[in-house]
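Reading the structure
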Amino acid sequence: MPQSALSLARLSEALGLPEQSLLALVASCDDVPDPTLVALTVEEAARRLGVGRTTMYALVASGEVPSVTIGRLRRIPAQALNDYVSDRAGATAAALAA
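What comes next concerns the included structure. These numbers come from a predicted model, not from an experiment. Note that residues are indexed from 1 along each chain, following the sequence as it is written. Local features in this predicted model are restricted to residues of pLDDT 70 or higher, and side-chain atom pairs are both shown and tallied only at a pLDDT of 80 or more, whereas totals for entire chains, interfaces and linings draw on every residue. Only hydrogens and water are removed before side-chain values are computed, so all heavy atoms of the structure are retained for them.

On to the overall build of the protein, then. Within the protein, the regular secondary structure consists of 5 helices and 3 strands. N-terminal to C-terminal, the α/β element order of the protein is α-α-β-α-α-β-β-α. Here's how the labels work: a residue is buried when its accessible area is under 20% of the maximum for its type, exposed when over 50%, partly exposed in between, all with a 1.4 Å probe on protein chains only. Looking at the 98 residues of the protein, the share that counts as buried comes to 17%. The contacts of the protein with a sequence gap of at least 6 include a subset with a gap of at least 24, amounting to 37%. Here the accessible surface of atoms and residues is derived via Shrake-Rupley with a 1.4 Å probe, and residues count as covered only by protein chains that are part of the display. Carbon and sulfur atoms form 59% of the exposed surface of the protein, whose accessible area is close to 7,100 Å². A run of DSSP states H or I qualifies as a helix once it reaches four residues; a run of E qualifies as a strand once it reaches two. Both are numbered from the N-terminal end. Every residue pair with non-hydrogen atoms within 4.5 Å of one another is taken to be in contact.

This is how it looks when you write it as structure tokens:
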């Protein structure tokens, strides 16, 4: 048995988790965004909003979601995503009330 498989078996036994559950847990850690980031790439912002990369680029291009240039890089302030969602929620609530 390879060393990595032996270590995985020991770890899963020590944690009381099936190996597949442990592997799934480790894989999901890559999907968790870093909450300390102040400015995000377009891909990171898209992941946080749960939209595709193309949609995120369209939101940035239209100005609906503001972005900044840092050197040659395009970044989206993390707060801009919160503001965008709040604005959309307010617009939806106003439309429903009308």
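Turning our attention to the nonpolar core. By size, the foremost hydrophobic cluster in this structure holds 13 residues, and its most contacted members are L40, A45, M56, L59, V65, I76 and L81. Those elements that provide at least two residues to this core are α3 (42-49), α4 (53-62) and α5 (78-97). Broken down by element, this core gets its largest block of residues, 4 residues, from α5. In this structure, M56 is in contact with V42, A45, A46, L49, V51, V65, I76 and L81, ignoring residues within four places of it in sequence. Buried Ala, Val, Leu, Ile, Met, Phe, Trp, Tyr and Cys residues that are joined via side-chain atoms within 4.5 Å together make up what is termed a nonpolar core.

Attention shifts here to the pattern of salt bridges. Only one rule defines a salt bridge in this text: a Lys or Arg side-chain nitrogen within 4 Å of an Asp or Glu carboxyl oxygen. For the coordinates displayed, the defined rule picks out 1 salt bridge. One salt bridge connects E43 with R53, and the closest N-O pair in it is separated by 3.6 Å. With E43 in helix α3 and R53 in helix α4, this pair connects stretches of sequence that are 10 residues apart. Judged by relative accessible area, E43 falls into the partly exposed class, the value being 31%.

If DSSP finds at least two bridges between two strands, the strands pair. Judged by pairing direction, the sheet is antiparallel, and its 3 strands sit side by side in the order β1-β3-β2 without closing on themselves. Only two strands of the sheet have a single neighbouring strand rather than two, namely β1 (39-40) and β2 (68-70). Here 2 bridges tie β1 to strand β3 (residues 73-77), and the two strands are oriented antiparallel to one another. Bridging from a neighbouring strand, L40 pairs with I76 of β3.

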